[in-house]
Amino acid sequence: MKAVTWQGKRDVRVEDAPDPKIQEPTDAVIRITSTGLCGSDLHLYEVLTPFMTPGDILGHEPMGIVEEVGAGVPDLAVGDRVVVPFQIACGDCWMCLTGLPTQCETTQVTGEGMGAALFGYTRLYGAVPGAQAEYLRVPQAQFGPIKVPDGPPDDRFVYLSDVLPTAWQAVTYAGVPEGGSVAVLGLGPIGDMACRVAQVRGAGRVFGVDLVTERLRRARARGVETYDLRDFDSEKELVSAIRDETDGRGPDAVIDAVGTEAHGSAAARLAQQASALLPRKLSGPFAERFSVDRLAALYTAIDLVRRGGTLSLVGVYGGMADPLPLLTLFDKQIQIRMGQANVRRWSDEILPYLTDEDPLGVDDFATHRVPLAEAPRAYEMFQKKRDGAVKVLMTP
């Protein structure tokens, strides 16, 4: 089969790879019909290279048709149309039954001290072959895959793999009161969808911050009050402008949908680049002990949220030595919630919104649809924010 493989920093290639096969009774194999390019894939493309191995198959946002089913998967059949969550979880352990499949005790990557295994996401998460490919082996298929009806195009359902549950969890964790206010920092795919979810779930005012014209335009067209970071001389001015709209207090909640690749934080960016240049035997241990994030977005979120408010961190952070303003966090009595999205925890709540009325705008959410063969170009375009790229779907 053809698959998108990681070969080095900013170097992905479409290559031949072995066709996946059933290895365990709880496996399934699907033929992928659509697969997404995620903002967190760019972390592998740029920042988390010490944890990658040349030849790793990328991707974690697939849907497709079941081609083969193991004997331990009673509820799937060949021909079923399914969306596959980005995490691999059993559904039966204490963590899964508690609604935390990202911490699944069956698939935890204990050797790395990490949570549940993820598709296509570094050795830290199990080095599981990813979903930017023609076929995908799905472990724990007795729980993970979400069956969806035939008929509507893939765009209606593919975002159940990651974008929708991640945005849904971000808003849930933000705890926005009915009629309250929330600011979303970063209007990429997750931030954009978080704004939409906040609106349909009763937020009174939704503020969106970015510095990419197309992303601001998309959010503004759906009623988000947008702020272009380029219009302000500093983050302090931005914070003041939004506070002025919230009786001087700041929003009830702030969602950080940016994560580690924030603009600014030049010293942290230099440290990230230095780690990537080290020999492979040194770069991994160095990153595990001394890695730092670019924290410009997080610092802005801490400053912006009202006292007693909530921060919901949904952008991926990977630093182990990040400095945090604990005095400010403590003094402002800020609550913080974060983590990978627990897809199956939220999928049943989201499905009723994926109707022909399309209140979340999933049918035209993608800005680009490209063949799998054009993945290298798509990665470069998305990473450099060219051609209005907000969400890219690939078709094998």
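Everything below is about the structure shown above.
Residues numbered from 1 in each chain as written. Predicted model: local features only at pLDDT ≥ 70, side-chain atom pairs only at ≥ 80, totals over all residues. Heavy atoms only, no water.

J.: How do you make sense of the pairing of strand β12 (residues 253–256) when you look at a structure like this?
T.: Along a regular strand, successive side chains alternate from one face of the sheet to the other. Here β12 shows two buried faces, one formed by Ala 253 and Ile 255 and the other by Val 254 and Asp 256. As judged from the four bridges shared by β12 and strand β13 (residues 310–313), these two strands associate in the parallel manner. When the sheet's bridge partners are listed, Ile 255 is paired in β13 with Ser 312. (Buried < 20%, exposed > 50% of the residue type's maximum accessible area, 1.4 Å probe, protein only. Helix = DSSP H or I, 4+ residues; strand = E, 2+ residues; numbered from the N terminus. Pairing = 2+ DSSP bridges.)

J.: Would you mind showing me how to read a nonpolar patch on the surface here?
T.: A surface patch of nonpolar side chains, amounting to about 290 Å² of accessible area, comprises Tyr 299, Leu 324 and Leu 326. Tracing the backbone shows Leu 324 in the loop between β13 and α10 (326–331). Owing to a relative accessible area of 43%, Leu 324 belongs among the partly exposed residues under this scheme. (Patch = residues over 30% accessible without salt bridge, like charges linked within 9 Å, V, L, I, M, F, W, Y side chains within 5 Å. Areas by Shrake-Rupley, 256 points an atom, 1.4 Å probe, with all protein chains shown as cover. Salt bridge = Lys/Arg side-chain N within 4 Å of Asp/Glu carboxyl O.)

J.: Please clarify how the nonpolar core should be interpreted in this entry.
T.: Within soluble globular proteins, side chains that are nonpolar tend to cluster in buried spots. With 71 residues, the main nonpolar core has Leu 58, Tyr 159, Leu 160, Leu 164, Met 193, Ile 255 and Tyr 379 as its most contacted residues. A total of eight residues in this core trace back to one element, the largest contributor, which is helix α3 (residues 163–174). (Core = buried A, V, L, I, M, F, W, Y, C linked by side-chain atoms within 4.5 Å.)

J.: Can you walk me through helix α9 (residues 296–304) in this structure?
T.: Three or four residues apart is the spacing at which side chains of an α-helix point the same way, because the helix has 3.6 residues per turn. For α9, the tally of buried residues reaches seven of nine residues, placing the bulk of the element in the interior. Those residues of α9 that sit buried are Ala 296, Ala 297, Leu 298, Thr 300, Ala 301, Ile 302 and Leu 304. In this structure, the buried side of α9 is in contact with β9 (181–185), α6 (235–244), β12, β13 and α10. (Contact = heavy atoms within 4.5 Å.)

J.: Just to check I follow, could you spell out the packing of aromatic side chains for this structure?
T.: Here a ring pair, both rings aromatic, is described through the centre-centre distance and the interplanar angle of the planes. Enumeration over the complete set of coordinates arrives at six aromatic pairs. An angle of 75° between the planes, with centres 5.2 Å apart, marks the rings of Tyr 159 and Phe 365 as edge-to-face. Of this pair, Tyr 159 sits in the loop between β8 (146–147) and α3 while Phe 365 sits in the loop between α11 (343–350) and β15 (368–371); the two residues are 206 residues apart in sequence, bridging distant segments of the chain. Here Tyr 159 falls in the buried class, since its relative accessible area comes to 1%. Three or more aromatic residues joined by ring pairs make a cluster, and in this case those are Phe 207, Tyr 227 and Phe 232. Above the ring of Phe 143, the side-chain terminus of Arg 344 is found at 5.4 Å from the ring centroid. (Phe/Tyr/Trp six-rings, centres within 6.5 Å; stacked < 30°, edge-to-face > 60°. Lys NZ or Arg CZ within 6 Å of the ring centre and 35° of its normal.)

J.: How should I be thinking about the packing of helix α1 (residues 39–46) against helix α12 (residues 375–383) in this particular structure?
T.: Any two packed helices are characterised by how steeply their axes cross, that is the angle between the axes, and by the distance between the axes. The contact between α1 and α12 brings their axes to 10 Å, and the two run at 100°. It follows from the interaxial angle that α1 and α12 lie roughly perpendicular. Residue-level contacts link Gly 39, Asp 41, Leu 42, Tyr 45 and Glu 46 of α1 to Tyr 379, Glu 380, Phe 382 and Gln 383 of α12. (Axes fitted to C-alpha atoms, helices over the stretch in contact; angles between N-to-C directions. Parallel < 35°, antiparallel > 145°, perpendicular 65-115°, else oblique.)

J.: Help me understand the sheet that holds strand β2 (residues 11–16), please; the structure alone is not making it clear to me.
T.: Sheet strands pair via backbone hydrogen bonds, and the direction of the pair is either parallel or antiparallel. Ordered by their spatial adjacency, three strands build an open sheet running β2-β1-β4, and the pairing between neighbours is antiparallel. A single partner strand is all that each edge strand has here, and the edge strands are β2 and β4 (56–57). Direction of pairing for strand β1 (residues 2–8) relative to β4: antiparallel, over a ladder of two bridges. Note that in β4 the partner of Trp 6 across the bridge is Asp 56. Contacts between α12 and the sheet are confined to β1 and β2, with β2 contributing the most and set at about 160° to the helix.

J.: Just checking my understanding: could you explain the state of the cysteines for this structure?
T.: Cysteine pairs can be linked by a disulfide, which is a covalent bond between their two sulfur atoms. If you walk through the whole model with that rule in mind, you get zero disulfides. Lacking any disulfide linkage, Cys 104 is separated from the closest cysteine sulfur, that of Cys 90, by 3.7 Å. As a non-bridged cysteine, Cys 195 has Cys 38 as the owner of its nearest cysteine sulfur, 16 Å distant. The buried category is assigned to Cys 195, whose relative accessible area is 1%. (Disulfide = S-S within 2.5 Å.)

That's the geometry; what it means functionally is another story.
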